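Letter by letter, the chains look like this.
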Amino acid sequence: MKSLACVALVAVVGGCASPALRVAEREIASAKDEARATARVRESRQCVVRVDDALRRRMKVHDGAGAEAAMLLLENGKLSEGKARSYLADADDRWRAVGVRMLYESGDGRARRTALIDPSPRVRTSAVRASVRAADPADLDVLFETARVDPEPMLRTDAIGAVSAIARSRRGRAYAGDVALRLRDLWTAGDDALRENVAVAWALSPVFEHGGRAALVVRIAEGRGPGPVAAAGVVLRTASKDEALVASANALVARTILEGSVRDRRNAIFVARLEGSPLDAIRKASTDDDNEVRITALARLLDSPPDHDTARRALEILAGYGVKGTGSDARALDHAARARMALARAGDLRIQAWIEEDLASPSPGKRVAAASALAALGRSGRATPLLADPDPSVRMLAACTMLAAHR
């Protein structure tokens, strides 16, 4: 078998068919330890359709990595529903969760609601996702309770998504007013992530017309913190025809960009429209003393034609830190990496050489980030040396990044 170094070398000269695929498949197959195998399978998420054969082979081992492979195949349409259902009675909750994802047929309601209160968070997660597809109003009470008390934060937010999906369904539209009202209690008791999902649910029809709009008006009027900013962002994405509500959201976003905490300012910049007072606020933030805020603002201004060139030049200056001995401060290097990614996403080929320097960084995370930035530039092949990286996680992630870029 060719060494990893040989695979990488052959890839450079073009004599090997899909070396990234060979590396990815080999990483999945060669990780015999369950924990390492699970890590490699999870790292294949962005290239599942290319490594599905390797995942099917790994599925034959009845352990956690095999269950992870089965779930990825199922989520990407590469595992039959019948095969998935065959795991419904499995004693291992990791495999049972695969079967529970299929509990969306008309006769599955009782089993699905039982799974929503299963001791295993994996099973509960699958049940919530099955509930989205089933769109059965009979699930609402259990889903609201999940959103209120489940110990898993991600499950609480997923449950709100399922509630919203049911309210938008043909059978669930009659419950829109009740859903809007019950969401208020969740907003009051919820964390920032849950509040954002509540805001999304309020903003979507028919909940919007049956109490959601009024709730959003109140939350935006609160005027401070991540919850109202999230609500404003949802309004700006979904309620463009509601001029009064959009004006209120724009005012909150602009004010937060100028006066909020660093986290809230960055969130407001992400959700802002590039027009009027929010755009003016972003322009001011692009010269802020805090580089976290400044880089976020400059990255947004790359999408504003009048500001693009100025923002690009400013980001290039930030991106150049650490190149050829210009500095070694860890925080500044992190800012430089973020600036390079913003420029890469904008297709700025001037920074390609700087990104390639990060392929030799001592930090595995920076090497992987360099592969992602090169893919964003349309130059994923330049990350080929990472296919021979000493870190198996870097090899796997780089290979998947290259495979996804070539789809």
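Cut-off values and rules
Residues numbered from 1 in each chain as written. Predicted model: local features only at pLDDT ≥ 70, side-chain atom pairs only at ≥ 80, totals over all residues. Heavy atoms only, no water. Helix = DSSP H or I, 4+ residues; strand = E, 2+ residues; numbered from the N terminus. Rg over C-alpha atoms; globule rule 2.2 N^0.38 Å. Buried < 20%, exposed > 50% of the residue type's maximum accessible area, 1.4 Å probe, protein only. Contact = heavy atoms within 4.5 Å. Areas by Shrake-Rupley, 256 points an atom, 1.4 Å probe, with all protein chains shown as cover. Lys, Arg positive; Asp, Glu negative; His and termini not counted. Charge placed at Lys NZ, Arg CZ, Asp CG, Glu CD. Disulfide = S-S within 2.5 Å. Salt bridge = Lys/Arg side-chain N within 4 Å of Asp/Glu carboxyl O. Axes fitted to C-alpha atoms, helices over the stretch in contact; angles between N-to-C directions. Parallel < 35°, antiparallel > 145°, perpendicular 65-115°, else oblique. Nonpolar A, V, L, I, M, F, W, Y, C, P; charged D, E, K, R; others polar. Polar contact = N/O pair within 3.5 Å; in protein donor to acceptor, adjacent residues only side chain to side chain. Phe/Tyr/Trp six-rings, centres within 6.5 Å; stacked < 30°, edge-to-face > 60°. Lys NZ or Arg CZ within 6 Å of the ring centre and 35° of its normal. 1 Å grid on protein atoms, 1.4 Å probe; cavity = no way out; pocket = protein on both sides within 12 Å on 5 of 7 lines; lining within 4 Å. Points joined across faces, edges and corners; volume = space filled by probe spheres on them. pLDDT = per-residue confidence, 0-100.

**Student:** Quick question: what am I supposed to make of the overall build of the chain here?
**Tutor:** What the chain contains, in helices and strands, is 24 helices and zero strands. Compactness check: the chain gives a C-alpha radius of gyration of 24 Å against a globular reference of 22 Å for 407 residues, within 12% of the reference. Sorting the 407 residues of the chain into buried and exposed places 51% on the buried side. Sequence separation of 24 or more characterises 57% of the internal contacts of the chain that already satisfy a separation of 6 or more. Of the roughly 18,700 Å² that the chain leaves accessible, carbon and sulfur atoms contribute 51%. Placing the 63 positive and 53 negative side-chain charges of the chain at their respective mean positions leaves the two points 3 Å apart.

**Student:** Just to check I follow, could you spell out the state of the cysteines for this structure?
**Tutor:** Throughout this description, disulfide means a covalent bond between two cysteine sulfur atoms. In this structure the tally under the stated criterion is one disulfide. Put simply, Cys47 and Cys400 are joined by a disulfide, and their sulfur atoms are 1.7 Å apart. Looking down the S-S bond of the Cys47 and Cys400 bridge, the torsion is -45 degrees, so its handedness is left-handed. Of the two residues, Cys47 sits in the loop between helix H3 (34-43) and helix H4 (52-59) while Cys400 sits in helix H24 (residues 392-405), which places them 353 residues apart along the sequence.

**Student:** Looking at this structure, I do not really get the pattern of salt bridges. What am I missing?
**Tutor:** Pairing between side chains of opposite charge can happen when their charged atoms approach one another. Going through the model one piece at a time under the given rule, you end up with 43 salt bridges. With a closest N to O distance of 3.1 Å, Asp52 and Arg56 form a salt bridge. Linking Asp52 with Arg56, this pair stays in helix H4, spanning four residues, or about one helical turn. The exposure class of Asp52 is buried, given its relative accessible area of 12%. Looking at Arg56, the relative accessible area reads 34%, which means it is partly exposed. Ionic pairing is found between Arg350 and Asp348, a salt bridge with its closest N-O pair at 3.3 Å.

**Student:** I keep staring at the packing of helix H16 (residues 243-259) against helix H18 (residues 276-285) and nothing clicks. Help me out?
**Tutor:** When two helices pack together, their arrangement is given by the angle between their axes and by how far apart the axes lie. Packing of H16 against H18 leaves a shortest axis separation of 8 Å and a crossing angle of 10 degrees. Here H16 lies roughly parallel to H18, going by the angle between them. Residues Asn250, Val253, Ala254, Ile257 and Leu258 of H16 form the contact with H18, whose participating residues are Ser277, Pro278, Ala281, Ile282, Lys284 and Ala285. When the residues that make up the contact of H16 with H18 are grouped by side-chain class, the tally is eight nonpolar, two polar and one charged.

**Student:** Where do I start with the environment of Arg283 in this structure?
**Tutor:** Summarising the element assignment, Arg283 is placed in helix H18. Between the C-alpha atoms of Arg283 and Ala311, which are 28 residues apart in sequence, the distance is 9.3 Å. Discounting chain neighbours no more than four positions away, the residues touching Arg283 are Leu301, Ser304, Pro306 and Asp307.

**Student:** Sorry if this is basic, but what is going on with the environment of Thr296 here?
**Tutor:** Inspection of the secondary structure assignment puts Thr296 in helix H19 (residues 291-301). Residue classification places Thr296 among the buried positions, given a relative accessible area of 3%. Distance in space between the C-alpha atoms of Thr296 and Ile282 is 9.0 Å, their sequence separation being 14 residues. When sequence neighbours within four positions are dropped, the list of residues in contact with Thr296 reads Arg266, Ile269, Phe270 and Arg338.

**Student:** Help me understand H19 in this model?
**Tutor:** Because each turn of an α-helix spans 3.6 residues, side chains separated by three or four positions end up pointing in the same direction. Counting buried positions over the 11 residues of H19 gives eight, a clear majority of the element. Residues of H19 that are buried include every one of Glu292, Val293, Ile295, Thr296, Ala297, Leu298, Arg300 and Leu301, and no others. Close packing links the buried residues of H19 with helix H17 (262-271), H18, helix H20 (308-319) and helix H21 (330-345). Measuring from the backbone nitrogen of Glu292 back to the side-chain oxygen at the start of H19 gives 2.8 Å, which picks out Asp290 as the cap.

**Student:** Would you explain the packing of aromatic side chains in this entry?
**Tutor:** Aromatic ring pairs are reported here in terms of the distance separating the ring centres and the angle at which the planes meet. As enumerated under the stated definition, the model contains two aromatic pairs in all. Judged by centre distance (4.8 Å) and plane angle (50 degrees), the ring pair of Tyr87 and Trp95 falls under tilted. Grouping residues by exposure puts Tyr87 and Trp95 together as buried. Over the aromatic face of Tyr104 sits the side chain of Arg133, whose NZ or CZ is 3.9 Å from the ring centroid.

**Student:** Would you mind going over the layout of surface pockets with me for this structure?
**Tutor:** The gaps left among the atoms become clear once a water-sized probe is rolled over them. Roughly 450 Å³ of internal volume is contained in the largest pocket. Around the largest pocket sit 21 residues that line it, and Glu68, Met71, Arg122, Thr125 and Arg129 are the ones nearest its centre. Within the residue set of the lining of the largest pocket, elements represented by two or more residues are H3, helix H5 (64-75), helix H7 (93-100), helix H9 (121-134) and helix H11 (153-168). Taken together, the residues of the lining of the largest pocket break down into six nonpolar, four polar and 11 charged. Roughly 270 Å³ of volume is contained in the second largest pocket. Forming the walls of the second largest pocket are 13 residues, and the residues nearest its centre are Phe270, Ala299, Arg338, Ala342 and Arg345. Counting only elements with at least two residues in the lining of the second largest pocket, the list comes to H17, H19 and H21. Taken together, the residues of the lining of the second largest pocket break down into seven nonpolar, one polar and five charged.

**Student:** Would you mind going over the confidence of the model for the chain with me for this structure?
**Tutor:** This prediction gives the chain a mean pLDDT of 92; 94% of its residues lie at or above 70. Low pLDDT, under 50, characterises residues 1-17; the predicted model gives this stretch 26 contacts beyond four residues in sequence or across chains.

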